[in-house]
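# Examination of the molecular architecture
Letter by letter, the chains look like this.
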Amino acid sequence: MAKQPEALATFAASARNNSRKPDDVGLEATPATDGLKTNPAQKVDAATKVLREGVLHRDEGADKAVDKLPDRTRDL
């Protein structure tokens with residue numbers, strides 16, 4: 001089964017294209033739209049810090065943890 005394109009990258013490309021999905025972004029992932037490899041532990045750490053900041057209303061280091069993750073809104 002073919003992979004789907006990275007959703008956030010597709011949304012970002014649509015936003016840059018007057019709210020229309022670019023014609024070259026299909027329903028199957030290409031090397032340009034394939035998911036980005038990310039360490040699962042980094043994603044868990046960032047998500048935990050974001051949620052803790054939302055609940056505790058204090059700095060838990062979420063900004064730094066999120067900045068370590070790849071930019072999923074990259075240009076296609």
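Taken as a whole and assessed by the stated rule, the structure comprises five salt bridges. Ionic pairing is found between D45 and K49, a salt bridge with its closest N-O pair at 3.5 Å. In this pair, D45 and K49 both sit in helix α2 (residues 40–56), four residues apart, roughly one turn of the helix. Notably, a salt bridge pairs E60 with R58, separated by 2.7 Å at the nearest N-O pair.

Turning to the side chain of E6, a few remarks are in order. Summarising the element assignment, E6 is placed in the segment before α1 (7–16). Within the structure, E6 has its side chain in polar contact with the side chain of R72 (distance 3.1 Å). Once residues within four sequence positions are removed from consideration, E6 is found in contact with T33, D34, G35, L36, R72 and R74.

Residue placement: K3 occurs in the segment before α1. Put simply, K3 and S14 are eleven residues apart on the chain and 19 Å apart in space, counted from C-alpha to C-alpha. Excluding residues within four positions of it along the chain, K3 makes contact with L27, E28, A29 and D34.

Take the confidence of the model for the protein next. Confidence in the prediction of the protein, expressed as mean pLDDT, is 89, and 99% of residues score 70 or more. Within the protein, no element has a lower average pLDDT than α1, which sits at 86, and none a higher one than α2, at 97.

Here is what the cut-offs are and how they apply
- Residues numbered from 1 in each chain as written.
- Predicted model: local features only at pLDDT ≥ 70, side-chain atom pairs only at ≥ 80, totals over all residues.
- Heavy atoms only, no water.
- Salt bridge = Lys/Arg side-chain N within 4 Å of Asp/Glu carboxyl O.
- Helix = DSSP H or I, 4+ residues; strand = E, 2+ residues; numbered from the N terminus.
- Polar contact = N/O pair within 3.5 Å; in protein donor to acceptor, adjacent residues only side chain to side chain.
- Contact = heavy atoms within 4.5 Å.
- pLDDT = per-residue confidence, 0-100.

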